[in-house]
Amino acid sequence: MSDDCILGPCEGMAHAGVTDTDSYRDVHRKVIASKGQVEYEDQDQKRAYINHGRWVVDCPKCNGAGLTSRTIKVACCFDCGSVYTTVSFPRNAKKIEDVLLRRTDEASRNWTTESIKELLEENKIHGVSDGVD
Ligand SMILES: [Zn+2]
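Owing to the predicted nature of the structure, the values given are computational and were not obtained by experimental measurement.

## Here's the deal with the overall build of the protein chain
For the protein chain, the helix and strand inventory stands at four helices and six strands. Ordered by position from the N terminus, the helices and strands of the protein chain form the series α-α-β-β-β-β-β-β-α-α. Structurally, the protein chain occupies a C-alpha span of about 50 × 30 × 20 Å along its principal axes. Restricting to contacts in the protein chain with at least 6 residues of sequence separation, those with at least 24 account for 49%.

Structural data, given as structure tokens:
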């Protein structure tokens with residue numbers, strides 16, 4: 001599957017018309033407004049991590065989470081209206097994605113703090129051969 005990737009807002013919310021940061025924010029604003037809420041920008045630095053094949057940021061305000069990606073770089077929480085505008089990614093994010101994408105089961109594509117070496121070890125447990133790149 002050539003379009004296999006770690007999912008972000010563009011993939012996870014394509015049905016809503018999200019193609020970039022602006023459209024992501026627009027869709028979020030409309031959904032939040034439709035619930036009678038207002039969006040709230042939070043500039044505190046938030047760490048992105050990978051959960052079930054998606055880049056996400058935890059929302060401490062409601063214990064929810066919002067999708068993000070290396071290109072979108074913001075995370076919107078559709079539960080409480082928060083928008084996290086300062087999202088940090090690991091320097092080796094692309095490499096982490098590459099290693100996780102070798103796992104066929106999306107639910108096993110998870111990363112929080114593991115090193116590449118640790119992820120490769122986990123790949124063996126998941127039955128992924130790392131002989132060929
Ligand atoms: Zn929230």
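Next, the rest of the story.
## Digging into unusual backbone geometry
Of note in the backbone geometry, His52 takes a positive phi value of approximately 50 degrees without being a glycine. In this fold, His52 is placed in the loop between strand E2 (49-51) and strand E3 (54-59).

## Quick notes on the domain arrangement of the protein chain
In terms of domain boundaries, the protein chain breaks down into domain 1 (9-88) and domain 2 (93-125). Put simply, the middle of domain 1 and the middle of domain 2, counted by C-alpha atoms, are 23 Å apart. Contacts between domain 1 and domain 2 engage six residues on the former and eight residues on the latter. Taken together, the residues of the side of domain 1 that touches domain 2 sort by class into two nonpolar, three polar and one charged.

## Here's the deal with the packing of helix H3 (residues 93-101) against helix H4 (residues 116-125)
Contact geometry of H3 with H4 gives a least axis separation of 10 Å together with a crossing angle of 5 degrees. With respect to H4, the axis of H3 lies roughly parallel. Residues Lys95, Ile96, Val99 and Leu100 of H3 touch H4, and the partners they reach there are Ile116, Leu119, Leu120 and Asn123. Partitioned by chemical class, the residues of the contact of H3 with H4 number six nonpolar, one polar and one charged.

Reading the values: rules and limits
- Residues numbered from 1 in each chain as written.
- Predicted model: local features only at pLDDT ≥ 70, side-chain atom pairs only at ≥ 80, totals over all residues.
- Helix = DSSP H or I, 4+ residues; strand = E, 2+ residues; numbered from the N terminus.
- Contact = placed C-beta atoms within 7 Å.
- Domains from an automatic or database assignment.
- Nonpolar A, V, L, I, M, F, W, Y, C, P; charged D, E, K, R; others polar.
- Axes fitted to C-alpha atoms, helices over the stretch in contact; angles between N-to-C directions.
- Parallel < 35°, antiparallel > 145°, perpendicular 65-115°, else oblique.

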